[in-house]
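Fold and geometry: a report
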Amino acid sequence: MGIMTKHLQRDPRTGRLSFRRAFPDELRPFIPKQPRQLKRSLGAKSLHDREASRRFAEAQAEYERIVEAAQLRANGTSRQLASSDIGFLVQTYAHRLRKNLTETHFDPSDDQREWLAASAWRFAPFAFMDKVGAELAGRAIPWTNSERVREALPDLLSHWRKLISDGDRAGIISAEGQTGENLLAEFALTAELDATVFFDLCLALIRADIAAGVQFLRLTDSGEEIEPIEIPVAPASASPERDVVRWSASGTGHTLTSLAERLFANKVAPIGKATEQAWNTALRFWREVYGEIPCSDITRRKASEWSNLLSQRPRGLPKRMERLPLPALVERYAGNAQAARIAGKTVRQHLGSLSAIWNKAEKRGLIENMANPFAGHDVKVQHKTGGQPLTTGELNAVFRLPVFTSGERPKQGRGEAAYWIPLLALFTGARPGEIAQLIVSDFWQDSAGKWHMLYTDKGEHPAIGKRHLKTSRHGTGERQFPVPQTLIDLGLPAYLAWLGERKEVALFPELRATSKGLHDTWSRWWGPYVREHGAIPEGKRQTREFRHNFMTALRASGVSDEAISYLAGHSVRGGNTTRTYGDRSPYGAEIEKLRFEGLDLRGVKRWKVPPL
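Read on for a plain summary of the structure. Within any chain, residue numbers begin from 1 and follow the written order of that chain's sequence. Local features are withheld for residues below a pLDDT of 70 in this predicted model, meaning they are given only at 70 or higher, and side-chain atom pairs are given and counted only at 80 or more; totals for whole chains, interfaces and linings count all residues. The side-chain numbers reported here are obtained from all heavy atoms of the structure, hydrogens and water having been left aside.

The rule is short: rings of Phe, Tyr and Trp, with Trp giving its six-membered ring, pair when the centres are within 6.5 Å, and they are stacked under 30 degrees, edge-to-face over 60, tilted in between. Going through the model one piece at a time under the given rule, you end up with 24 aromatic pairs. Considering the side-chain rings of Tyr419 and Trp420, the 4.8 Å spacing of their centres and the 85° angle between planes classify their relative orientation as edge-to-face. Trp420 carries the same exposure label as Tyr419, and that label is buried. Ring geometry for Tyr495 and Trp607: centres 5.2 Å apart, planes at 70°, overall edge-to-face. Each residue's exposure class comes from its accessible area (1.4 Å probe, protein chains only) as a fraction of the maximum for that residue type: buried when under 20%, exposed when over 50%, partly exposed otherwise.

Moving on, we get to helix H21 (residues 561-568). Numbering goes from the N terminus for both helices and strands, where a helix is a DSSP run of H or I of at least four residues and a strand is a run of E of at least two. Counting buried residues along H21, 6 of its 8 residues qualify, which places the element largely inside the surrounding structure. Contacts: residue pairs with any heavy atoms within 4.5 Å of one another. Contacts from the buried residues of H21 go to helix H15 (417-428), strand S10 (479-482) and helix H20 (545-556). Phi turns positive one or two residues past the end of H21, at Gly569, with a value near 75°.

As a further point, take unusual backbone geometry. With a phi angle near 60°, Arg414 is a residue other than glycine that sits in the positive phi range. Inspection of the secondary structure puts Arg414 in the loop between helix H14 (402-405) and H15. If you check the backbone angles, Lys503 has positive phi at about 60° while not being a glycine. Relative to the elements of secondary structure, Lys503 occurs in the loop between helix H18 (492-501) and helix H19 (520-532). For Lys503, a relative accessible area of 74% translates into the label exposed.

Once that is clear, we can look at the nonpolar core. Here, the term nonpolar core denotes a set of buried Ala, Val, Leu, Ile, Met, Phe, Trp, Tyr and Cys residues that are joined through side-chain atoms within 4.5 Å. The biggest cluster of nonpolar side chains holds 65 residues, and the ones touching the most others in it are Phe399, Phe404, Trp420, Phe508 and Trp526. Element by element, the count of residues in this core is highest for H15, at 10 residues. With sequence-adjacent residues up to four places away left out, Phe508 is seen in contact with Glu416, Ala417, Trp420, Ile421, Leu424, Ile435, Ala436 and Tyr495. Formed by 34 residues, the second largest nonpolar core is a distinct cluster that contains Ile173, Leu184, Leu189 and Val197.

Let's shift gears to the environment of Glu51. Along the polypeptide, Glu51 turns up in helix H1 (residues 50-74). A relative accessible area of 28% places Glu51 in the partly exposed class. With 273 residues separating them along the chain, Glu51 and Leu324 place their C-alpha atoms 9.3 Å apart.

A separate point is helix H8 (residues 256-265). Among the 10 residues that make up H8, 9 are buried, leaving the element largely enclosed by the rest of the structure. Inspection of H8 places Leu256, Thr257, Ser258, Leu259, Ala260, Arg262, Leu263, Phe264 and Ala265 among the buried residues, and these make up the whole buried set. As for H8, its buried residues are in contact with helix H9 (273-290) and helix H12 (344-363).

For Asn396, the position within the fold is in helix H13 (residues 392-398). With a relative accessible area of 9%, Asn396 lands in the buried category. Contacts of Asn396, omitting those with residues within four sequence positions, involve Gly598, Leu599 and Asp600.

Each pair of strands is called paired provided DSSP finds at least two bridges between the two strands. Pairing geometry for strand S1 (residues 8-10) and strand S2 (residues 17-22), over 3 bridges, is antiparallel. Following the sheet pairing, Gln9 is matched in S2 by Ser18. Between S1 and S2, which pair antiparallel in sequence order, lie 6 residues; one of them, Gly15, sits at a positive phi of approximately 80°. Relative to strand S3 (residues 37-41), S2 is paired through 5 bridges, and the arrangement is antiparallel.

Purely spatial values, then, with no claim about function.
Here it is as structure tokens:
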């Protein structure tokens, strides 16, 4: 193909691959033990091997983390821990905990599980340690680490959970403070140990320990396969101007990733969450082909070759192959003419992401005298008109599913989210991500007892912090309107009251954030669920299509175009200038006209408090 993945070396004797990448000479003094390079065995002879691909990506991420921390130390600076760092730090910690569980079969004498043994001896309460110590004293042969852990964990997990349930701030910091400080030192971060943000880090770490402990017991008791945690990606620096450097055509060593990180950190012109995710995906594909080459080495020809390779990437990949590097993936599918490739629209979007990084960096003066190599490429795109709303029969099939008719709550459905997210998607037309980030205070009753709701980017969600709407950057997208009567009839007020009694903030407390958003884990369950029950056919999106049905029903119900635009959360563009003046919220009242012709919800049971 003419394009090879960099930083790979093959052992001439065994043929096995390894990741090798040299550290910049000027940064070596700021890296512990001053290594010349990072070397990691991939344990295979080909990147087609899934484990080799995973280890390669893991080594790349590790290298980038080491270099980022070394650059901070070289500048004689560190920065304060921010709430936005916690997710990355905890995911890094959790990834390391799970790594041993996923890479080796359980062996009671396996010393690779030292991490959990250390946790047991460090964190267990003294009374428990005395008990174990007494038991150990009567043994002729010392326990292995794994045996100690297996014996210790049940009481240890109870101890950790009690710390959380009691809200024992001092106990939680005592249990996880050293781990937290080690992570901060590794990534050149600082925090006052009595600061709220440091406590939040310790709380998240103890939850990660609990999750890892539960997984360990499942592995030892039943041999249940443990799914690894995704390799974490370091967040952007919180202090954007501390080490801003202007780069010109003669500059060396600065990469697209470096540019993006500085743009993510810019508080004057912040990058939206959806845009950040799109950029990170395009950057990942770029690094899989060229690695972290300097911006001065990026040519228009390289960009063209990359987009051509990207257009050959198969879509609908099995999960085990999603993380294969782009060149290896394309090579594997080279002879498979039947495999569908990603659409031209997707290729153009990824090119557009890299072009946007370049343009914004140029506007900020981060690069100078360098033509944008990603701009103006011709990409053939097959245009489609309109969306694909579900038919009346498909809608009715959805609401005959067991989660609606018999109270079924599969674990992967994330509790009551399984019931309410599809109903909110249909009757409010919101995007899945907007529904997932709703909080209880987004619903209220007026003085007449009428229920209202709000989609907004204001306020914080306990799992993700600051919320985001797709059109936040335009100052639009926020909308409020009366709660549709169908949702009230199905028990939404009772659900809100139940959440209030439990002192929950989030509308769906069991949703957990991933790199793809708060709704991602739920969506990964919902898609297969509706397919397995034959409710929604292939070719239609399982949640987003509700939005098309909502728009169609609004038009059929005689709702004005202005109100449809408002209820959909679309920004005001063009047309009469008068539309941009004043408050648009009165348009929200028109949702009461909404009717779905032929929709049959007679089998949907009214929501009731779930059993304990």
